[in-house]
Each structure stands twice: as C-alpha cells, then as structure tokens.
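Residues per chain, in single letters:
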Amino acid sequence: MNSHQLYSDIFEYSYNSPLVISLIGGGGKTSTAFWLAKEFKKRGHRVCVTTTTKMYLPKKNQADNFIKIDNSNLESISQLTKDLSDQSVTFCYQHLIPTNNKSEENKVSGITCDDIEQLKNGSYFTVFIIEADGAKCLPIKAPDRHEPCIPISSDMVIGVTGAEIINTRAIPEKIHRWHLFSALTHCSAGELIDRRTLGNLIVHPQGLFKNSPEKARKIWLINKIDLTHDYTSLVKLAQQVLEQANNLDAIWLATMNSHAPIKERLVKQKLPIGN
C-alpha cells in the first residue's frame, strides 16, 4: 500500500487544524499511536502523543521529547514547547505511576480531555494522537461505564481488535470486561466470535465506538493479521462488517509491529447522490 492510499483515510476530508486522532479498543493501540506519529513527523508535523487513561512510558527512541504536564505548567505550554523542533514527536503525560516490581515497565497517568483541549488551543502541535482506552493487553474488549475517554474534538477514532481472536471460540479470560462484552454482543462462552458478534460490538451505542464524536471518521483496525489462520476468511468477514455497520468508514488490516504495518485497506463505497 502506498502512502497516498493510507493517508487518504486521514486527509480526504476537511478538519479543523490541529488534527486529533483517538485510539480505542484492544491491544495494539500504543504501537499504532507511535507508528502514526512517525509517519506524521516524516510529513513535517509537530506531533503530540498522549493518553487520557494510563499507558506504559514510551522508550526513548519512540519520542523526541517528553513533557510532564500538570496544573502548574499547563498554561505555560508555549514556553515548554518553544524550543522543540518543527518536525518532531512529543510525549506528554501527567506523572509516573509507582511500582514495587523492578521487572515491570513504568506506567504513566495521562492528562484529561480538558487538558488536551487547552493544548490544542495553544496550537503548537499540528497533530494529536491519543490513547483513549485500556484493555490489559487483551485483543478485544467492551467498554465500562467510564470508558473510553475520547476528547470531543477528535476528528478520527480508530478502534483496534486483535485478529487472533476473530473466528475463534469465545474464552472469557481472553476478553477484557467479558460480562459487558457478552451482554453487548449476545455471545456466550464457547461461541464463535464471528461477523455477527463483531458487528454487534461495532454498531452498538455502548460498544467499541462508544463516546465517539458523531462527525469523527471511524476506522476499525484489525491488528496482528499474521496470527490469523485464514486470511481470506478474515478479509471476507471485514468486508461484510463494513457493509453492514453504518458507523464505520474504513477498515485497516495490519501487523503493527512490522516494517510496513498496513497490509490492506477497505473503504466503504459511497453511492452517487440520488441513489
């Protein structure tokens, strides 16, 4: 896939600068966030990566700058960013979360949606990429009452699902917030996670794209396609879900930890006016 095809999903519609992208759903959000950040940086953008929940502290090679933000310095963000490169990735967070286990990676707490609006209004950054959900590293989930934490100004919402769970039997331990997932999708333990189950999760108002702004572009990203046993069946399922889900604009099939992660892109066909 060439870059024009990929970025047509982002740039073929108008949006108010800066661009705000929120990532929700199952495992793969962080790798997606920093891959997108790298691609935007290549195109000359000043990218802010952050979270409205919790996430692992990125490695030093994933961001050019790290800024700790709190109430005391949020209003002076212009001073904090004045020396940053015009083409860079900056990770913003609130504070480190203490851990007693030295073998565990450090986690950070994120900033609020109001903080993001204030940063956006400061307009130093041209792109915001926000990890707005948690899934305990599981491939699929249903959101709880307080989830996901999506900024209202989001221009795009990307919902992530692991391909390894698709067309397999539902095992509650492999699904984050199983009881909510089962209630939303009408899927019982041992039943197949198929087109019907996934379609229910995507279209339900309390499902994958819960709290997404109505006008935001919505993309379902199926990650880890290298783990699927039948890629042809996976693509067929994705096409069927895309046709039936009125709230979906596109589907990306990907392996986000590879050199060229987006393998295939499905876009909803737009009917001519009058049809």
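Residues numbered from 1 in each chain as written. Predicted model: local features only at pLDDT ≥ 70, side-chain atom pairs only at ≥ 80, totals over all residues. Heavy atoms only, no water.

Student: Help me understand the side chain of Ser153, please; the structure alone is not making it clear to me.
Tutor: Relative to the assigned elements, Ser153 resides in the loop between β8 (127–131) and β9 (156–162). Setting aside anything within four residues of it in sequence, one finds Ser153 in contact with Val20, Glu117 and Lys120. (Helix = DSSP H or I, 4+ residues; strand = E, 2+ residues; numbered from the N terminus. Contact = heavy atoms within 4.5 Å.)

Student: Would you mind showing me how to read the packing of aromatic side chains here?
Tutor: Aromatic ring pairs are reported here in terms of the distance separating the ring centres and the angle at which the planes meet. Per the stated rule, a full pass over the model turns up six aromatic pairs. On the basis of an interplanar angle of 40° and a centroid distance of 6.4 Å, the ring pair of Phe34 and Phe91 is categorised as tilted. With Phe34 in helix α2 (residues 29–42) and Phe91 in strand β5 (residues 88–93), this residue pair connects regions lying 57 residues apart in the sequence. Here Phe34 and Phe91 have matching classes, each one buried. An aromatic cluster is built from Phe34, Phe66, Phe91 and Tyr93, whose rings are joined through pairwise contacts. (Phe/Tyr/Trp six-rings, centres within 6.5 Å; stacked < 30°, edge-to-face > 60°. Buried < 20%, exposed > 50% of the residue type's maximum accessible area, 1.4 Å probe, protein only.)

Student: Would you mind showing me how to read the sheet that holds strand β2 (residues 46–51) here?
Tutor: An order of β4-β5-β2-β8-β1-β9-β10-β11-β12 is seen for the nine strands of this open sheet, with the pairing classed as mixed. Both edges of this open sheet fall to β4 (65–68) and β12 (262–267), since each of them pairs with a single strand only. Between one strand axis and the next, the sheet turns by 20° as a mean value, whatever way the strands run. Pairing of β4 with β5, which is carried by four bridges, proceeds in the parallel orientation. Considered in β5, the bridge of Phe66 is made with Phe91. Sheet strands in contact with helix α7 (residues 231–244) are β10 (217–223), β11 (250–254) and β12, and its direction is about 30° off that of β12. (Pairing = 2+ DSSP bridges. Axes fitted to C-alpha atoms, helices over the stretch in contact; angles between N-to-C directions.)

Student: Which parts of the structure should I look at to understand the confidence of the model for the protein?
Tutor: A low pLDDT means the predicted coordinates there should not be read in detail. Overall, the prediction assigns the protein a mean pLDDT of 89, with 88% of residues at 70 or greater. Every residue in residues 271–275 is under pLDDT 50, and counting partners more than four places away or in other chains gives zero contacts. (pLDDT = per-residue confidence, 0-100.)

Student: Looking at this structure, how should I read the sheet that holds strand β3 (residues 54–56)?
Tutor: One key point about sheets: their strands pair by backbone hydrogen bonds, in either a parallel or an antiparallel sense. Across the sheet, which stays open at both edges, the three strands sit in the order β3-β7-β6 with antiparallel pairing between neighbours. Every interior strand has two partners, whereas the edge strands, β3 and β6 (95–97), have only one. Taking each pair of neighbouring strands and ignoring which way they run, the sheet shows an average axis angle of 40°. In this structure, β3 lies alongside strand β7 (residues 107–109), joined through three bridges in antiparallel fashion. Across the sheet, Met55 pairs through a bridge with Val108, a residue of β7.

Student: Could you clarify how one ought to interpret the state of the cysteines in this entry?
Tutor: Scanning the entire structure with this criterion turns up zero disulfides. Here Cys48 stays unpaired: no disulfide links it, and the sulfur of Cys92, its closest cysteine neighbor, is 3.7 Å away. (Disulfide = S-S within 2.5 Å.)

Student: What's the story with the packing of helix α5 (residues 178–185) against helix α6 (residues 195–203) in this structure? I'm lost.
Tutor: Between α5 and α6, the least distance of the axes is 8 Å, while the angle of their chain directions is 100°. Considered as vectors, α5 and α6 are oriented roughly perpendicular to each other. Between α5 and α6, the residues in contact are Phe181, Leu184 and Thr185 and Arg196, Thr197, Asn200 and Leu201, respectively. Class assignment of the residues belonging to the contact of α5 with α6 gives a composition of three nonpolar, three polar and one charged. (Parallel < 35°, antiparallel > 145°, perpendicular 65-115°, else oblique. Nonpolar A, V, L, I, M, F, W, Y, C, P; charged D, E, K, R; others polar.)

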